[in-house]
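Each chain is listed here by its residues.
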Amino acid sequence: MEPAQHGLRARAGQLASRVVPDLDERAWRRARRRQVAQLRAEGAGLDASVTRGASVIGRAPHIVVVPMDGPGRDTWRPAGGNFFYEIQQAAREHLPGATVSIVSVEEGEPASSWHRRVAQAVIDLGATHVIAQVETDPERAGQWTWDVLWADLAEIWDGVLLGVVFDSAFRMITLQCRELARISDRFLLVDICMPMDGLLVRGRPEVGPVNMPVSRASLDVIDARIHDLPKHYDVSFIGALYPYRVELIDRIRASGVSIAVNPHRQDAATDLASSRRAQPSYIDYMAAIAQSRMTINFSESSAGTLQQLKTRVLEATAVGCFVLTDDVDRTSRFWPADEYGYFADPDELPALVARLLADPQALEAATQRAMARARAINASSFWGGIEEGLRRRSLAPLS
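Residues numbered from 1 in each chain as written. Predicted model: local features only at pLDDT ≥ 70, side-chain atom pairs only at ≥ 80, totals over all residues. Heavy atoms only, no water.

Draft legend 1. How the structure looks around the overall build of the protein. The helix and strand inventory of the protein stands at 14 helices and 10 strands. What you see for the protein is a C-alpha radius of gyration of 23 Å, in line with the 21 Å of a compact globule of 399 residues. In the protein, buried positions account for 53% of the 399 residues. When contacts within the protein are restricted to residue pairs at least 6 apart in sequence, those whose partners lie at least 24 apart make up 73%. Of the roughly 17900 Å² that the protein leaves accessible, carbon and sulfur atoms contribute 52%. The average position of the 45 basic charges and that of the 50 acidic charges among the side chains of the protein differ by 5 Å. (Helix = DSSP H or I, 4+ residues; strand = E, 2+ residues; numbered from the N terminus. Rg over C-alpha atoms; globule rule 2.2 N^0.38 Å. Buried < 20%, exposed > 50% of the residue type's maximum accessible area, 1.4 Å probe, protein only. Contact = heavy atoms within 4.5 Å. Areas by Shrake-Rupley, 256 points an atom, 1.4 Å probe, with all protein chains shown as cover. Lys, Arg positive; Asp, Glu negative; His and termini not counted. Charge placed at Lys NZ, Arg CZ, Asp CG, Glu CD.)

Draft legend 2. Quick look at the packing of aromatic side chains. Applying the stated criterion across every chain yields a total of 10 aromatic pairs. With 5.2 Å between their ring centres and 65° between their planes, W114 and W146 make a pair best called edge-to-face. Taken together, the positions of W114 in helix 4 (residues 111–125) and W146 in helix 5 (residues 146–156) put the pair 32 residues apart, joining distant regions of the chain. Residue classification places W146 among the buried residues on the basis of a relative accessible area of 2%. Ring centres of F237 and F298 lie 5.4 Å apart, and the angle between their planes is 40°; on these two criteria the pair is classed as tilted. Taken together, the residues F237 in strand 6 (residues 233–237) and F298 in the loop between strand 8 (292–297) and helix 11 (311–318) connect sequence positions 61 residues apart. (Phe/Tyr/Trp six-rings, centres within 6.5 Å; stacked < 30°, edge-to-face > 60°.)

Draft legend 3. Representation of the sheet that holds strand 4 (residues 160–165) in the model. Read from one edge of the open sheet, five strands run 2-1-3-4-5, paired in parallel fashion. The open sheet has two edge strands with one neighbour each: strand 2 (99–102) and strand 5 (187–191). Adjacent strand axes in the sheet meet at a mean angle of 25°, parallel and antiparallel pairs treated alike. As defined by bridge partners, strand 1 (residues 62–66) adjoins strand 2 across four bridges and the pair is classed as parallel. Along strand 2, the bridge assignment pairs V65 with I102. Sheet strands in contact with helix 3 (residues 83–94) are strand 1, strand 2, strand 3 (129–133) and strand 4, and its direction is about 160° off that of strand 2. (Pairing = 2+ DSSP bridges. Axes fitted to C-alpha atoms, helices over the stretch in contact; angles between N-to-C directions.)

Draft legend 4. Structural context of helix 14 (residues 380–392). For helix 14, which comprises 13 residues, the first-to-last C-alpha distance of 17 Å matches the rise-based estimate of 18 Å (1.5 Å per residue) to within 8%. One or two steps after helix 14, the chain reaches S394, where phi turns positive at roughly 55°. (Expected span 1.5 Å × (residues − 1).)

Draft legend 5. Expanded view of the sheet that holds strand 6. Judged by pairing direction, the sheet is parallel, and its five strands sit side by side in the order 7-6-8-9-10 without closing on themselves. What marks the edges here is a single partner per strand, and that holds for strand 7 (260–261) and strand 10 (341–342). Pairing between strand 8 and strand 9 (residues 322–325): four bridges, direction parallel. Residue pairing in the sheet places N297 in a bridge with T325 of strand 9.

Draft legend 6. Structural view of unusual backbone geometry. Omega for the peptide link from G208 to P209 comes to 0°, which places this bond in the cis form. Located in the positive-phi region is E139, a residue other than glycine, with phi close to 55°. Along the chain, the position of E139 falls in the loop between strand 3 and helix 5. Given the relative accessible area of 9%, E139 is considered buried. One non-glycine residue with positive phi stands out, namely R140, at about 55°. On the secondary structure map, R140 appears in the loop between strand 3 and helix 5.

Draft legend 7. The arrangement of a positive patch on the surface in detail. Together, R26, R30, R33 and R34 give the surface a local cluster of positive charge. With respect to the helices, strands and loops of the structure, R30 is situated in helix 2 (residues 23–41). In this structure R30 comes out as partly exposed when scored by relative accessible area, which is 42%. (Patch = residues over 30% accessible without salt bridge, like charges linked within 9 Å, V, L, I, M, F, W, Y side chains within 5 Å. Salt bridge = Lys/Arg side-chain N within 4 Å of Asp/Glu carboxyl O.)

Draft legend 8. Fine view of the pattern of salt bridges. Taken as a whole, this structure holds 27 salt bridges when the rule is applied. E179 is the salt-bridge partner of R29, the closest N and O atoms lying 3.4 Å from each other. Residue R29 is located in helix 2, and its partner E179 is located in helix 6 (residues 171–183); the two are separated by 150 residues in the primary sequence. Assessed through its relative accessible area of 27%, R29 is described here as partly exposed. D74 is paired through a salt bridge with R77; the nearest N and O atoms lie 3.6 Å apart. Given a relative accessible area of 62%, D74 falls into the exposed group. Each of D24, E25, R29, R171, R178, E179 and R182 takes part in salt bridges that share partners, so that together they form one network.

Printed below as a string of structure tokens:
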């Protein structure tokens, strides 16, 4: 296509989107119907062998966890850095009256197999709730078939699908979640990063943002690792080096702040690709945070300018590290303003850091208050948020 034609088509598309709201969503749904038909032709979905389950009404809560990375992974252990290990372990700690079962999907297992296995387990176990990361199929299968499974499962089971989402800043993720919400009002979005009330169905509450849990089992392992570690770094940044973060770190250093970047790494990563290679263990990551008096949290989503609640805030405060963040809304939902440091622009960091270091007793007191708060909500922020979301939607409770 010639450049002029490409530009004309782009402008026409923008005009059409203004005239017909949600034009991209309508196009996505048309394409998705064709994709679902193809998936069903290939064997995805349920057949008559999976029969209707008994009603969940009045039944004791039973949560089936379908992990993204399941027990077959080396990370499935305390302080292994596995989000779904933490989710299921935090459920056992925060919801002692609920039964928790794990139904894993094998790496490379086709939808034609795992859909039936998961659905059969939900029925046979008498599950009241299923929790899964619904952005993509389990074990990073590279496709998305949750709408096929949910359309079938919702017909034979009256429980709740708790759909965990990390990247709703991406339009595609929102469209997928809207499809799950359209299929049944027993889909409840659990958004880790952003508020989503009313964005799937007008006026309908969802859950989020909520802190990803760090279970007490993991905190015990972390505490043993960081016991008596000295504070080596006044200020650190620990995380993926997206281009915008590299630029901000350069600005911070140019302004006079000495910042240790990923000090737990054996190599000197300088960009996104190198920061994702040969990553240290989760416990080493947590030890590096624990050895920092302060750590910088950049809240912007990798999808654009939207700010997200980052798990790093809970992780850092839980191990006695004071958080410096550009987050104007998310962190303040869980910590008061005197338990973290806010900067609107990286140029404000030198003065902020200097003020905090000038009064070490006040800094330590604020750090300890933030740590106590993190330890109080390490499991309850996530599962308590879900409990409240279920109550607001009059869905099957967890206690």
